[in-house]
Amino acid sequence: MSERAQIAARFRGYLPVVVDLETGGFNPNGDAILELAAVLLTYDGNRLLQNQVLHYHVAPLPGTNMDPASLRFTGIDPYHPLRKARAEPEVFQDFFRGVRKAVKEGGCTRAIVVAHNAAFDHQFIMSGANRNNIKRNPFHPFSFIDTASLAAVAYGQTVLSQACSRAGIAYDSNEAHSALYDAEVTAQLFCAIVNRWQDMGGWPPPE
């Protein structure tokens, strides 16, 4: 089976895209999106691996909220001149364009969000598409893959740092809460779980 066909067959026609967002709060309908990162995946032989990274600093959409506690937690200064932040509508157009291209190249029908505590990131992506009136959203509207749940099964841990420790993946707490770093580490964790399941005989399933 070709690498192009392999990822489509493995995930029922969906392209898994590992994402992480840093935001101004927990409300996807009213809070600002401040950083977005995504890791696209591919197969090399029979191993699921990271392929391409999409990363954006996002200028707060006018009218959205930013909780000071959230800003302290992420360490983001939304108006720092060196952030080179782009407008939210422009970010989502570019992000979705890159994902749609990868979906086509992977022989898939659409993308599916993979994230740690994925409901949070999925809700913000759906809200970002809606509030910017973007119609060609490549992601499944309600399904996602949660690495916190997968890690609980595979390693007995739900906290990202602890799951990475169990999986033998380096984790730097000083880099955490950067969307880029968290997306890349989560992608490593997801690939490790998928590949481990295959090594243990769980994939492909018996006929």
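Refer to the preceding data block for the structure.
Residues numbered from 1 in each chain as written. Predicted model: local features only at pLDDT ≥ 70, side-chain atom pairs only at ≥ 80, totals over all residues. Heavy atoms only, no water.

Q: Where do I start with the sheet that holds strand β1 (residues 14–23) in this structure?
A: Two orientations exist for strands paired in a sheet by backbone hydrogen bonds: parallel and antiparallel. Reading across the sheet, the six strands line up as β4-β3-β2-β1-β5-β6 and stay open at both edges, with mixed pairing between neighbours. The sheet is open, and its two borders are formed by β4 (86–87) and β6 (139–146), each paired with just one other strand. Examined bridge by bridge, β1 and strand β5 (residues 110–115) share five bridges and lie parallel to one another. Looking at the pairing, Y14 lines up with R110 of β5. Along the sheet, helix α3 (residues 88–105) makes contact with β1, β2 (33–44), β3 (47–59), β4, β5 and β6, crossing β3 at roughly 165 degrees. Helix-sheet contacts for helix α7 (residues 179–199) involve β1, β2, β3, β5 and β6, and the interaxial angle to β3 is about 160 degrees. (Pairing = 2+ DSSP bridges. Helix = DSSP H or I, 4+ residues; strand = E, 2+ residues; numbered from the N terminus. Contact = heavy atoms within 4.5 Å. Axes fitted to C-alpha atoms, helices over the stretch in contact; angles between N-to-C directions.)

Q: Teacher, can you tell me more about the packing of aromatic side chains here?
A: The geometry of two aromatic rings is summed up by the distance between their centres and the angle between their planes. A full pass over the atoms with the stated rule returns 10 aromatic pairs. Measuring from ring centre to ring centre gives 6.2 Å for F26 and F120, while their planes differ by 75 degrees; the resulting arrangement is edge-to-face. In this pair, F26 is assigned in the loop between β1 and β2 and F120 in helix α4 (residues 118–131), connecting sequence segments 94 residues apart. Ring-pair connections join several aromatic residues into one group, and the members of that group are Y56, F92, F95, F96 and F139. Note that R10 overlies the ring of F11, its terminal NZ or CZ placed 5.1 Å from the centroid. One residue, R10, lies across the ring of W203, its end atom 4.1 Å from the ring centre. (Phe/Tyr/Trp six-rings, centres within 6.5 Å; stacked < 30°, edge-to-face > 60°. Lys NZ or Arg CZ within 6 Å of the ring centre and 35° of its normal.)

Q: I would appreciate a short explanation of the environment of A176 in the present structure.
A: Note that A176 resides in the loop between α6 (160–167) and α7. Leave out the neighbours within four places in its chain, and A176 touches Y171, Y181 and D182.

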